[in-house]
Amino acid sequence: MTMALLIAAFLMGFFGSPHCLGMCGGIVTAFGLSMKETSPAKKRGLIATYHLGRLLSYALLGLIAGVIGTTVLTPLMVGNSTPRILLGLVLVFVGLTMLGLPFLNKLERLGMHFWQALSPLRQKVFPLNTFPRALTAGLLWGFLPCGLVYGALLIAVVGHDPLTGAVLMFVFGLGTVPMLVATHGTVNWMRNQIGRLRLRQVNGAIMMLSGLAVIAVPMVMANMHGGHGQMNHEQMNHEQMNHEQ
């Protein structure tokens, strides 16, 4: 299940990256302008560093989400099917979000207050001409309000444990990197392909169907197993009656 969640998190980041480009395009542009005095080699290093900072922030958020999941939800899930059902519901919810339903818009607006409170710190990292500044900029960037990130955090909450939550969010961030580091021409090509083939919607539908399968398939299998068990029990009773006769 963990590997399936990792793949889902990566694809969610990758196919949702056009949305990330719209949210983060201004930040990437500002970072690029602040590095115009640096050499090409150092610029590549700075870009890698601030993306690493962003992924570390995502991992920290995933760790916190995992702690919340284990401390708040685990006591309610002992000895029952609640973890599986909850995971399925979260996958369905995230899939619907990727299909375009604006469930997390209000949460984004709430997060914007925190993002604005970070403004004094964000101003201090410019110009982005050293690696510590680049790392700090990426760490702050990870707290940009984003519905896609919040959806991934919901998966981290039900991801079994804090470490899994951190890894899930890191892998989700990796999925967003290609779109954010590609050249202008490549970005346009990737965005057009994702939009033309509706890959984000396809991935959302797959996640939604996966969630429904996580909920329903074990129930169906249990019912089938229960039915076979009842038939075998009745058959044993019938054979016992014949033997007594």
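Worth saying up front: this structure is predicted, and the values here are computed from it rather than measured.

S.K.: Requested: an account of the environment of Pro127, with residues and values cited.
M.R.: As for its position among the elements, Pro127 is in the loop between helix 6 (119-124) and helix 7 (131-141). With a relative accessible area of 39%, Pro127 lands in the partly exposed category. For the pair Pro127 and Phe31, spaced 96 residues apart in sequence, the C-alpha to C-alpha distance is 8.0 Å. Excluding residues that lie within four positions of it along the chain, Pro127 makes contacts with Ser34 and Arg133.

S.K.: Mind laying out the confidence of the model for the protein, listing which residues take part and the relevant values?
M.R.: Taken residue by residue, the protein gives an average pLDDT of 84. The fraction at 70 or more is 89%. Per-element confidence in the protein is highest for helix 7, whose mean pLDDT is 95, and lowest for helix 11 (residues 199-244), whose mean pLDDT is 70.

S.K.: Outline the side chain of Thr176, listing residues and values.
M.R.: By the secondary structure assignment, Thr176 is in helix 9 (residues 162-181). For Thr176, a relative accessible area of 0% gives the class buried. Separated by 2.8 Å, the side chains of Thr176 and Arg54 make a polar contact. For Thr176, the contacting residues outside a window of four places in its chain are Gly13, Phe14, Ser17, Cys20 and Arg54.

Calculation rules
Residues numbered from 1 in each chain as written. Predicted model: local features only at pLDDT ≥ 70, side-chain atom pairs only at ≥ 80, totals over all residues. Heavy atoms only, no water. Helix = DSSP H or I, 4+ residues; strand = E, 2+ residues; numbered from the N terminus. Buried < 20%, exposed > 50% of the residue type's maximum accessible area, 1.4 Å probe, protein only. Contact = heavy atoms within 4.5 Å. pLDDT = per-residue confidence, 0-100. Polar contact = N/O pair within 3.5 Å; in protein donor to acceptor, adjacent residues only side chain to side chain.

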